[in-house]
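Structural features, examined
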Amino acid sequence: MTDSERTLLKSSIDQVVDLETTADGRHLAQILFVFDEGDTPDVFYLKVSPGPDGTLVPEGATGHSVLLADIVAVHPHQP
């Protein structure tokens with residue numbers, strides 16, 4: 001992840017981004033919280049996908065956490 005992608009991630013709280021991680025590949029994520037301090041900086045998010053009417057809906061009831069070091073790329077979501 002580049003510095004500009006890290007800035008985008010931190011400025012996207014409550015917004016949806018296109019997130020690519022080493023474990024899950026590329027998916028849409030609604031960013032809940034970015035913790036960019038200490039030994040294990042990470043991000044908490046909800047995986048989302050387009051619903052029948054095109055609005056983005058959570059894929060499950062639980063959130064996800066991934067270390068910032070495991071993020072390959074962050075892109076703005078383009079509907």
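Shown above is the structure to which this text applies.
Source: prediction; values computed, not measured.

1. Structural notes on the side chain of H27
- Looking at where H27 falls in the secondary structure, it is placed in strand β2 (residues 25–35).
- Setting aside residues no more than four positions away along its own chain, H27 makes contact with V17, D18, L19, T21, Y45 and K47.

2. A short note on the side chain of K47
- With respect to the secondary-structure elements, K47 resides in strand β3 (residues 42–50).
- By relative accessible area, K47 is classed as buried at 18%.
- Dropping the residues within four chain positions of it, K47 is found in contact with D24, H27, L28, V57, P58, E59 and H64.

3. Observations regarding the pattern of salt bridges
- Taken as a whole and judged by the stated rule, the model has four salt bridges.
- Between D36 and R6 there is a salt bridge; the shortest N-O distance is 2.7 Å. Residue D36 is located in the loop between β2 and β3, and its partner R6 is located in helix α1 (residues 3–10); the two are separated by 30 residues in the primary sequence.
- For D36, a relative accessible area of 26% gives the class partly exposed.
- Through salt bridges that share partners, R6, K10 and D36 make up one connected network.

Procedures and definitions
Residues numbered from 1 in each chain as written. Predicted model: local features only at pLDDT ≥ 70, side-chain atom pairs only at ≥ 80, totals over all residues. Heavy atoms only, no water. Helix = DSSP H or I, 4+ residues; strand = E, 2+ residues; numbered from the N terminus. Contact = heavy atoms within 4.5 Å. Buried < 20%, exposed > 50% of the residue type's maximum accessible area, 1.4 Å probe, protein only. Salt bridge = Lys/Arg side-chain N within 4 Å of Asp/Glu carboxyl O.

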